[in-house]
Amino acid sequence: MMILGIILLVVGFVTGISILWTIGIVLAVIGVVLWILGSMGHAVAGRRHYW
């Protein structure tokens, strides 16, 4: 999810499409939160680890 967010950030920045920039930020933040929760040992969406 973080990779998809970063890709959308780059594409949105290069093309100037602001909706891609916004969606990219949201996906990157969600990906980072899930990664942090998974690394702390919390079960995320039924998984013990979230990569």
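This text gives an overview of the structure that appears in the document. (Residues numbered from 1 in each chain as written. Predicted model: local features only at pLDDT ≥ 70, side-chain atom pairs only at ≥ 80, totals over all residues. Heavy atoms only, no water.)

1. Regarding the overall build of the protein
Inference 1: Regarding its fold elements, the protein presents two helices and zero strands.
Inference 2: Buried positions account for 24% of the 51 residues belonging to the protein.
Inference 3: In the protein, the share of contacts with a sequence separation of at least 24, taken over all contacts with a separation of at least 6, comes to 24%.
Inference 4: Total accessible area on the protein stands at roughly 3800 Å², and carbon and sulfur atoms take up 78% of it. (Helix = DSSP H or I, 4+ residues; strand = E, 2+ residues; numbered from the N terminus. Buried < 20%, exposed > 50% of the residue type's maximum accessible area, 1.4 Å probe, protein only. Contact = heavy atoms within 4.5 Å. Areas by Shrake-Rupley, 256 points an atom, 1.4 Å probe, with all protein chains shown as cover.)

2. Brief notes about the packing of aromatic side chains
Inference 1: Scanning the entire structure with this criterion turns up one aromatic pair.
Inference 2: Pairing Phe13 with Trp21 gives two aromatic rings, centres 6.0 Å apart and planes at 45°, and the pair type is tilted.
Inference 3: Residue Phe13 is classed as exposed on the basis of its relative accessible area, which comes to 62%. (Phe/Tyr/Trp six-rings, centres within 6.5 Å; stacked < 30°, edge-to-face > 60°.)

3. A few points about the packing of helix 1 (residues 2-15) against helix 2 (residues 18-39)
Inference 1: Interhelical geometry of helix 1 versus helix 2 gives an angle of 160° and a closest axis separation of 7 Å. By the angle between their axes, helix 1 is roughly antiparallel relative to helix 2. Every pair of crossing elements has a handedness; the one defined by helix 1 and helix 2 is left-handed. Counted together, Met2, Leu4, Gly5, Leu8, Leu9, Val11, Gly12 and Phe13 of helix 1 and Leu20, Trp21, Ile23, Gly24, Ile25, Leu27, Ala28, Gly31, Val32 and Trp35 of helix 2 form the full contact between these two elements. (Axes fitted to C-alpha atoms, helices over the stretch in contact; angles between N-to-C directions. Parallel < 35°, antiparallel > 145°, perpendicular 65-115°, else oblique. Left-handed = near helix turned anticlockwise from the far one by under 90°.)

4. Considerations on a nonpolar patch on the surface
Inference 1: Taken together, the side chains of Ile6, Val10, Phe13, Val14, Trp21, Ile25, Val29, Val33 and Leu37 define a hydrophobic patch exposed on the protein surface, amounting to about 840 Å² of accessible area.
Inference 2: Secondary structure elements with two or more residues in the nonpolar patch: helix 1 and helix 2.
Inference 3: The leading source of residues in the nonpolar patch is helix 2, at five residues.
Inference 4: By secondary structure assignment, the location of Val10 is in helix 1.
Inference 5: The partly exposed category is assigned to Val10, whose relative accessible area is 48%. (Patch = residues over 30% accessible without salt bridge, like charges linked within 9 Å, V, L, I, M, F, W, Y side chains within 5 Å. Salt bridge = Lys/Arg side-chain N within 4 Å of Asp/Glu carboxyl O.)

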